[in-house]
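What the coordinates show
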Amino acid sequence: MNILLIGNPNVGKSVIFNRLTGVDVISSNYPGTSVDYTRGFLSISGKRHQLIDVPGTYTLEPTCKAEEIAVELLKEGDVVINVIDATNLERSLNLTLQLIKQKIPFVAALNLFDEAEHTGIFIDVEKLECILNVTCIPTCALTGVGISKLVNSLEEVKVSDFDFDNEDRWNTIGNILQEIQHIKHKHHTFLEALRDYSIKPVTGIPILLIILVLMFLSIRFVSEGIIEHISNPLFNSLWTPVLGKLSALLQNNELLSKLLFGEFNTVLNYETSFGLLTTGLYIPIGIVLPYVFSFYTILALMEDSGYLPRVAVMMDTTMHKAGIHGLSIIPMLLGLGCNVPGALATRILETRKEKFITATLLSIAIPCMALQAMLFGLLGSYGYKGLLIVFTTLVIVWFIVGNILKHTVKGTSPEIFMEIPPYRLPYFKGITKKVFMRIKWFIKEAIPFMLFGVLLANVLYAFNILHGIEKVASPLFVHCLGLPKEAVGVLILGLLRKDLAVGMLIPLQLELNQLIVASVVLAIYFPCVATFSVLIKELGIRDMLKSVLIMLITAILVGTILNQVLNLI
Amino acid sequence: MTKILSEMQRAEKGIIKQIRGGKELLARMDSLSLYIGKEIELVSKQSKRGPVVVKLGNTQVAIGSGIAQKIIVDVK
């Protein structure tokens, strides 16, 4: 039997799915977290059934891509669990009535039932069952209340015989609500007051700025704390002795020990030695992972509290200057952690134009945490000047490229039109699960590319393969960008991992101005192989090639201009 | 008194009277329970051309300025 979970966006379908199947799906407090669908299995009295988490939809007459997928999936289902938002019965029942009209057998889960009671909404479930003549079960997916009852109810699912005039749907709903819903007026709660203040421009924009600054400072504080007090001591006290013993064993094999340990004479430098077991592991685990961890923890708090859609509304006017609307801020923010989830999140956007602009700007001007972590280390040692120039340049480039694309890319950018969820207190398990999934994913993606990158670097230098390319590219590098020709290798390996590329800049012993130019060019010229492959899927190969061309041209232009300007100062 | 949604003031309440749009817009509005006869309250307005946020029942919806210009509201 195929069981479908159907309901409005952001009513907790994915949380119920997690409960029923044990399969982890990322859930957040904003509409459209699951644009794709997930399948899992659950067993009811010994029999295995397939459960499909259908993307949220408000209607069975699709108005966007996610809703089209939902309607398409409906054909596959034998029975449906209609997840109803108890805090918002009117809108949920609209979908329920459409299921009834199509004679689809379903049971209704009135989710967020406890939250509804807290806000003063009381629902007579028995009466609702009587009217619709289907099973209705109050649930609270987060705590698991009602879930086992829901599973048991799936053994006997019927088609509702409730009859109504489809043209008069909203009136019908109104009449049902009058009979079953009782609203007690409550005084404004703290969360409601916050809801108003955080979206009015006068108070909302200062709040946004304070949150962004706090976010930035706490990410640096937490990550640097982890590096200093956990990862460095661990590497030094546990890993270094192991490496010492290993290298003693491999003393006679010069090639292998160079590959594994890199330049490892008397003192081991994890950042610059460039061996598979030294730099290859230290950069992703020792430096980048602490940043990825603290970034995604803080972002998860923002996601689950419901703050992100408010950021989208407040940023809407700004984002329009680049031809995209406020919702594009979500891929951009995710991209600050790692560009890959950012690229995947471009799915929440509707038109080709929006997707193209968002993906291109994401690749050009949104440095991922891996790159940022290395830049903090490299440029941070010179104080804030270098970092400030790099980030300001990227912001300016974001606006200029965005504005050019807005006027040149064909197609339309629709306007923002979305539900803003209520604030909810993030729950610990939800946060840890999401952070854990993203970290697991980071490790799985980053470490193989990193090791391959280190290997490739060693091969390229050992056989002097770069020599030819360096010669060809040297006029561009030396004259336009003011960088030594050896930086060619850095950019080639930056295709694989940008953190690795920054690590390769260290032994070149560049001046601050050169480091700034190199960092900016490195950020702009190409996303990274992992992001690139995701974007090919999302945009198609033709659009992606166009996008890459824009990136390369932008990188050369910006690098050249920056080099000139910095030399004048 | 009737007003265009984008010209409503903060905290003003009203009932949606008319939606000047094609079938597609009507369907999208309908799916978010913004239908003719629905009571709404303006929560906030961003800049001049920015989106408006309206409260309907227990939820809030952000509406881009272009769409907000197509909605006529009977203001109380």
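Residues numbered from 1 in each chain as written. Chains lettered and ligands numbered in written order. Predicted model: local features only at pLDDT ≥ 70, side-chain atom pairs only at ≥ 80, totals over all residues. Heavy atoms only, no water.

A few words now on the environment of A:L255. Residue and element names in this part refer to chain A. Inspection of the secondary structure assignment puts L255 in helix α10 (residues 254–261). The class of L255 is exposed, set by a relative accessible area of 70%. Residues L255 and I556, 301 residues apart in the sequence, show an inter-C-alpha distance of 37 Å. (Helix = DSSP H or I, 4+ residues; strand = E, 2+ residues; numbered from the N terminus. Buried < 20%, exposed > 50% of the residue type's maximum accessible area, 1.4 Å probe, protein only.)

Mapped onto the present numbering, the UniProt feature "domain: Ferrous iron transporter FeoA-like" (unreviewed entry) falls on residues 3–75 of chain B. Within residues 3–75 of chain B, the helical portion is 18% and the strand portion 42%, while the C-alpha atoms at the span's ends are 7 Å from each other. (UniProt positions renumbered as here; feature names shortened; annotations may be inferred.)

What follows deals with empty space enclosed by the protein. In this approach, a probe sized like a water molecule rolls over the atoms, and the result shows the empty space that is left. Residue and element names in this part refer to chain A. In this structure the tally under the stated criterion is four cavities of 30 Å³ or more. Residue lining of the largest cavity: 25 residues in total, with C338, N339, C368, R497 and C528 positioned closest to the centre. Breaking the lining of the largest cavity down by element, the ones donating at least two residues are α14 (339–344), α16 (369–380), α18 (428–462), α21 (498–505) and α23 (529–539). Sort the elements by how many residues they give to the lining of the largest cavity and α18 lands first, with five residues. (1 Å grid on protein atoms, 1.4 Å probe; cavity = no way out; pocket = protein on both sides within 12 Å on 5 of 7 lines; lining within 4 Å. Points joined across faces, edges and corners; volume = space filled by probe spheres on them.)

With that settled, consider the side chain of A:D316. Within the element layout of this structure, A:D316 appears in helix α12 (residues 308–320). Buried charge without a salt bridge: A:D316, with A:K321 as the nearest opposite-charge side chain at an N-O distance of 10 Å. At 2.8 Å, the side chain of A:D316 forms a polar contact with the backbone nitrogen of A:G326. Those residues in contact with A:D316, other than ones at most four positions away along the chain, are A:H325, A:G326, A:I416 and B:P51. (Lys, Arg positive; Asp, Glu negative; His and termini not counted. Salt bridge = Lys/Arg side-chain N within 4 Å of Asp/Glu carboxyl O. Polar contact = N/O pair within 3.5 Å; in protein donor to acceptor, adjacent residues only side chain to side chain. Contact = heavy atoms within 4.5 Å.)

Let us look at the sheet that holds strand β9 (residues 417–420) of chain A. Taken in spatial order, the seven strands line up as β9(A)-β5(B)-β4(B)-β3(B)-β2(B)-β6(B)-β1(B) in an open sheet, and their pairing is antiparallel. Edge positions in the sheet fall to β9 of chain A together with β1 (2–4) of chain B, since each of these pairs with one other strand and no more. When strand polarity is set aside, the average angle formed by the axes of neighbouring strands in this sheet is 40°. In this sheet, strand β6 (residues 71–75) of chain B lies alongside strand β2 (residues 13–19) of chain B in antiparallel orientation, the contact comprising five bridges. Across the sheet, B:I15 pairs through a bridge with B:D74, a residue of β6(B). (Pairing = 2+ DSSP bridges. Axes fitted to C-alpha atoms, helices over the stretch in contact; angles between N-to-C directions.)

Attention now moves to the pattern of salt bridges. Residues and elements named next belong to chain A. Counting across every chain of the model gives 17 salt bridges over all chains. As a salt-bridge pair, R91 and E419 come within 3.1 Å of each other at their nearest N and O atoms. One end of the pair, R91, is in helix α3 (residues 89–101); the other, E419, is in strand β9, with 328 residues separating them in the sequence. What makes R91 buried here is its relative accessible area of 1%. Between D499 and R497 there is a salt bridge; the shortest N-O distance is 2.9 Å. Of the two residues examined, D499 and R497, each falls in the buried class.

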